[in-house]
Amino acid sequence: MIAAVIIIVLLLVFINSRDLSKVREPDALPTQVLQLRFEDRPDGSIAVIDYKSGKQIDSVQGEAGFVRGTLRGLAQERKRRGLDGGPPFELIYRADGRLTLSDTATGRLVDLESFGPTNAGTFFRLFNASNLVSVSKS
């Protein structure tokens, strides 16, 4: 009985010592990439700006909890590292239909489809707003 407890404890220590956050499926190749900047506006909305042209392509109005929460988390990470503003965020549509938001300043990735199709769709609509060629979500 004591030997079994010792073995279980050793296994738990071994498992906890491994960095399992690096175990993930490789990402499919990007088929479309938007480089974006997000700016808070005085009216409470968030302007979505094409990083290359500087042109506003959309605006996030009202609650939009998922979008605001995602952007807030990425912005806080930049602040912690002293990287306010700067490099763009990349919205990546992948060959397998997945959607990823990448912070090029911190290297942090958010796999948007993990939060369900409705939440991912709030970011996917930015591809249509940007006047890029439509991508099909097959």
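Note that the structure is predicted; figures quoted are calculated from it, not measured.

Right, let's get into the packing of aromatic side chains. Per the counting criterion, the structure on display carries six aromatic pairs. Taking the centre distance of 5.2 Å and the plane angle of 50 degrees together, the rings of Phe66 and Phe115 count as tilted. Taken together, the residues Phe66 in helix α2 (residues 65-80) and Phe115 in the loop between β6 (109-111) and α3 (117-129) connect sequence positions 49 residues apart. Geometrically, the ring pair formed by Phe66 and Phe123 is edge-to-face, given 5.9 Å between the ring centres and 85 degrees between the ring planes. In this pair, Phe66 sits in helix α2 while Phe123 sits in helix α3, placing the two residues 57 residues apart along the sequence. No difference in accessibility class separates Phe66 from Phe123, as the two residues are buried.

One recurring pattern in soluble globular proteins is that nonpolar side chains are buried together. Ranked by internal contacts, the top residues of the largest apolar core, which has 23 residues, are Leu36, Leu91, Leu99, Leu101, Leu112 and Phe123. Of all elements in the fold, only β1 (30-40), β2 (46-50), β3 (56-60), α2, β4 (89-94), β5 (99-103) and α3 reach the threshold of two or more residues within this core. The element that contributes the greatest number of residues to this core is α3, accounting for five residues. Beyond its immediate chain neighbours, meaning those up to four positions away, Leu112 contacts Phe66, Thr70, Leu91, Leu99, Thr100, Leu101, Ala120 and Phe123.

Two elements in contact, α2 and α3, have axes whose closest approach is 9 Å; the angle formed by their N-to-C orientations is 75 degrees. When the axis of α2 is compared with that of α3, the two are roughly perpendicular. Here Phe66, Val67 and Thr70 of α2 lie close against α3, whose contacting residues are Asn119, Ala120, Thr122 and Phe123. In terms of residue class, the contact of α2 with α3 is built from four nonpolar, three polar and no charged.

Relative to β4, β1 is paired through six bridges, and the arrangement is antiparallel. Looking across to β4, one finds that Gln32 is bridged to Tyr93. In this structure, β1 lies alongside β2, joined through five bridges in antiparallel fashion. Bridge pairing in β2 places Glu39 opposite Ala47. Between the end of β1 and the start of β2, which pair antiparallel, lie five residues, with Gly44 showing a positive phi angle near 95 degrees.

Cut-offs applied
Residues numbered from 1 in each chain as written. Predicted model: local features only at pLDDT ≥ 70, side-chain atom pairs only at ≥ 80, totals over all residues. Heavy atoms only, no water. Phe/Tyr/Trp six-rings, centres within 6.5 Å; stacked < 30°, edge-to-face > 60°. Helix = DSSP H or I, 4+ residues; strand = E, 2+ residues; numbered from the N terminus. Buried < 20%, exposed > 50% of the residue type's maximum accessible area, 1.4 Å probe, protein only. Core = buried A, V, L, I, M, F, W, Y, C linked by side-chain atoms within 4.5 Å. Contact = heavy atoms within 4.5 Å. Axes fitted to C-alpha atoms, helices over the stretch in contact; angles between N-to-C directions. Parallel < 35°, antiparallel > 145°, perpendicular 65-115°, else oblique. Nonpolar A, V, L, I, M, F, W, Y, C, P; charged D, E, K, R; others polar. Pairing = 2+ DSSP bridges.

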